[in-house]
Amino acid sequence: MPNLRLANLIDGRLQAPRQERWLDVFEPATGAVFAQCPDSSAEDVDFAVAAAQRAAPAWASTPAEQRARLLNRLADLIEARLDAFAALESRDSGKPLSLARSLDIPRAVSNLRYFAAAVVPWSSESHAMELGAINYTLRQPLGVVGCISPWNLPLYLFTWKIAPALAAGNAVVAKPSEITPCTAALLGELSIETGFPAGVLNIVQGRGPTVGQAIVEHRGVKAVSFTGSTRTGAQIAAAAAPQFKKVSLELGGKNPAIVFADADLGDANLDTIVRSGFANQGEICLCGSRLLVQRSIYDSFRARYLERVRALRVGDPGDAGTDLGALVSREHFDKVMACIAQARAEGGQVACGGEALALPGALSGGWYVAPTVIEGLGPDAVTNQQEIFGPVVSLIPFDDEEEAIAIANGTGYGLAASFWTGDLARAHRVASRLDFGIVWINCWLLRDLRTPFGGTKQSGLGREGGVEALRFFTEPKNVCIRY
Ligand code: NDP
């Protein structure tokens, strides 16, 4: 019997779902059930939206400094329990505990602190007209907004949405993924201790097509910020369209990492290139899953790269030496294994990995996949076009810069690209021609919270981050006064 039963946070109180239905939450490392999550209904969403509507006007007129103080207090409470949050995140998602401790939870704390700081100096713009009038633009909160986040970086992405929404003066109805609901539930408990007014932050746990859909369709929800798959993003865009509801969509990717022959391929950079494919079991939307290597260095690069990939340790997420933990769910494990089978079927050779790993003891029920490198497939192969979202990287040779750019841009996605070069002119030239929302040169996953974040094409709509997020969660109103 699972020992952890989660609750919804509605109107400032922890509540069971009205229909008293629950979903099992699995521990990916062992495949065992370890918690239960509310299987909430549209009725729970109605209650949450009603509570948020009651809270929204007072929260909107609360001074920004006071809103910021509460966000900072919540950040402090999470930071004080960093170990507990990291352990829960690792247990819930299968990611290495070391990663949850060094990346996920610290970043969640930073998200809250960043938007607390950013909202205070943020004020209206004004423009003097030569005709004897002054325009000013008010940025007013929208009222009630929906935030829907995925399972791969659970608290990291949950806070990336609720922090700007709350900072800008909105009341929130949020839904974490039912696959990884635990840390958001713990945050909900702490938000009560923080002293947020009842109804300002509501967390409704449950399934996407039920709770998520109800949030998107609810007429009381004025905007939806969503991170997840392209398929769900399209459904959300369609469901929001009849109401002309504002949506921000951060979706999937098929990111290229391009290695030019003139790059510095010292150990540090090579390690980063390996990490860019396999960090968090490849379950990061920003992972480079297509590794484009200039043909003149292909063989030497390949040898050093494969040596490093083979040395990655897959194992108990709780062990300090683990590089890759378990995939998040049985369903996702099956999907990744099917993608590897597809790569073989379309003629790809498995240069390393390619199989599920059976670990001993309690871990034997877990969902582990060996870091896998595929070769020999053209850029248009299904493997090089569809998002796999697991520890699978495909090596693709190219001859020159023109070809690298064409291959990189040649998928339906446009989230993030990284490339490696020692030529400054090439760096600027290639960056300007890559059709992606984010481009890293000689680095990967270096993030600055002030910068715009998001993708082109099927990788999404709109940008998060910095002032972009504050803009999304507010409505601009131009006021013109003649003097
Ligand atoms: P999903 O699209 O399956 O789910 C994302 C969230 O949406 C979950 O909370 C899910 O709930 C919910 N949801 C599912 N169906 C609906 C619906 N019909 N209406 C409203 N909400 C719904 O994505 P995954 O959780 O599988 O996440 C992996 C995907 O996210 C990958 O494609 C990855 O690339 C992308 N991603 C993009 C990022 C970016 O910034 N661009 C960052 C991280 C991930 P539930 O899980 O409970 O069903």
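1. Focus on unusual backbone geometry
Okay, step 1: The backbone of D11 shows a phi angle near 60°, a positive value even though the residue is not glycine.
Okay, step 2: Within the fold, D11 resides in the loop between β2 (8-10) and β3 (13-15).
Okay, step 3: Overall, the relative accessible area of 26% leaves D11 in the partly exposed class.
Okay, step 4: Of note in this structure, E20 is not a glycine but carries a positive phi near 55°.
Okay, step 5: Within the secondary structure, E20 sits in the loop between β3 and β4 (22-27).
Okay, step 6: Judged by relative accessible area, E20 falls into the exposed class, the value being 52%.

2. Quick notes on empty space enclosed by the protein
Okay, step 1: Counted under the stated rule, the structure contains two cavities of 30 Å³ or more.
Okay, step 2: In this structure, the largest cavity spans a volume of roughly 100 Å³.
Okay, step 3: Taken together, 14 residues line the largest cavity, and the ones lying closest to its centre are G282, I284, C287, S289 and F389.
Okay, step 4: Looking at the lining of the largest cavity residue by residue, the classes come out as six nonpolar, seven polar and one charged.
Okay, step 5: Considered as a void within the structure, the second largest cavity measures approximately 30 Å³ in volume.
Okay, step 6: Lining the second largest cavity are W160, P164, S225, S248, R463, E464, A469, F472 and F473.
Okay, step 7: When contributions to the lining of the second largest cavity are tallied by element, the ones reaching two or more residues are α5 (154-167) and α14 (466-472).
Okay, step 8: The residue makeup of the lining of the second largest cavity, split by class, is five nonpolar, two polar and two charged.

3. Overview of the domain arrangement of the protein chain
Okay, step 1: Partitioning the protein chain into domains gives domain 1 (8-251 + 459-482) and domain 2 (255-448).
Okay, step 2: Between the C-alpha centres of domain 1 and domain 2 the distance comes to 30 Å.
Okay, step 3: Each side of the interface is counted separately: domain 1 has 25 residues, and domain 2 has 28 residues.
Okay, step 4: Carbon and sulfur atoms make up 60% of the area that domain 1 and domain 2 hide from each other, which totals about 2000 Å².
Okay, step 5: When the buried area of domain 1 at its contact with domain 2 is split by residue, A29, W151 and S459 rank highest and sum to 25% of it.
Okay, step 6: The interface formed by domain 1 and domain 2 holds zero salt bridges in total.
Okay, step 7: On inspection of domain 1 and its partner domain 2, the count reaches nine residue pairs in polar contact (both at pLDDT 80 or more).
Okay, step 8: Looking at the side of domain 1 that touches domain 2, the elements with two or more residues in it are β4, α3 (82-93) and α4 (97-119).
Okay, step 9: Of all the elements, α4 adds the most residues to the side of domain 1 that touches domain 2, at four residues.
Okay, step 10: In terms of residue class, the side of domain 1 that touches domain 2 is made up of 11 nonpolar, 10 polar and four charged.

4. As for the site of the ligand
Okay, step 1: Of all residues adjacent to the ligand, which total 31 residues, the nearest are S229, T232, L251, C285 and E387.
Okay, step 2: Between the ligand and the protein, one listed contact pairs an oxygen atom with a side-chain N or O atom of E178 at 2.8 Å.
Okay, step 3: Take Q235: an N or O atom from its side chain is 3.3 Å from a nitrogen atom of the ligand.
Okay, step 4: Taking 900 Å² as the accessible area of the ligand by itself, protein coverage stands at 91%.
Okay, step 5: Listed by contribution, the elements that provide at least two residues to the shell around the ligand are α7 (208-217), β11 (223-227) and α8 (230-240).
Okay, step 6: The dominant element in the shell around the ligand, judged by the number of residues it contributes, is α7, at four residues.
Okay, step 7: For the shell around the ligand, a count of residues per class yields 13 nonpolar, 13 polar and five charged.

5. What about the pairing of strand β18 (residues 372-375)?
Okay, step 1: The side-chain alternation of β18 yields two buried faces, one formed by T372 and I374 and the other by V373 and E375.
Okay, step 2: Across three bridges, strand β15 (residues 349-352) lies against β18 in antiparallel orientation. Residue pairing across strands places V350 opposite I374, the latter belonging to β18.
Okay, step 3: Examined bridge by bridge, β18 and strand β19 (residues 392-398) share three bridges and lie parallel to one another. Bridging across to β19, T372 finds its partner in V392.

Procedures and definitions
- Position numbers for residues start from 1 in each chain and track the written sequence from start to end.
- Given that the model is predicted, a residue must reach a pLDDT of at least 70 before its local features are reported, and side-chain atom pairs must reach 80 or more before they are shown or counted; all residues, however, enter totals for whole chains, interfaces and linings.
- Only hydrogens and water are set aside; all other atoms, that is, all heavy atoms of the structure, feed into the side-chain values.
- What counts as a helix is a DSSP run of H or I of at least four residues, what counts as a strand is a run of E of at least two, and both are numbered from the N terminus.
- Three labels apply to residues, based on accessible area from a 1.4 Å probe with only protein chains included: buried if under 20% of the type maximum, exposed if over 50%, partly exposed otherwise in between.
- Points on a 1 Å grid over protein atoms alone make up a cavity when a 1.4 Å probe fits among them but cannot get out, and a pocket when they form an open set with protein on both sides within 12 Å along at least five of seven lines; lining residues each have an atom within 4 Å of a point.
- Grid points are joined across faces, edges and corners, and a volume is the space filled by probe spheres set on the points.
- Polar here means any residue outside two lists: the nonpolar Ala, Val, Leu, Ile, Met, Phe, Trp, Tyr, Cys and Pro, and the charged Asp, Glu, Lys and Arg; Gly therefore counts as polar.
- Delimitation of the domains relies on an automatic or database domain assignment.
- Throughout, a residue-residue contact means that at least one pair of heavy atoms, one from each residue, lies within 4.5 Å.
- Buried area adds together the accessible area that both of two parts lose upon being put together, with accessible area traced by a 1.4 Å probe.
- Basic side-chain nitrogens of Lys or Arg form a salt bridge, by our definition, when they fall within 4 Å of a carboxyl oxygen of Asp or Glu.
- Here a polar contact is recorded for every N or O atom pair within 3.5 Å, except that within protein the pair must consist of a potential hydrogen donor and a potential acceptor, and residues adjacent in sequence are included only if both atoms are side-chain atoms.
- Only heavy atoms are used to decide nearness, and a residue is near a molecule or strand if one of them lies within 4 Å of it.
- The accessible surface values rely on the Shrake-Rupley method and a 1.4 Å probe; as for residues, cover is taken only from the protein chains in view.
- In this description, strands pair whenever DSSP reports at least two bridges between them.

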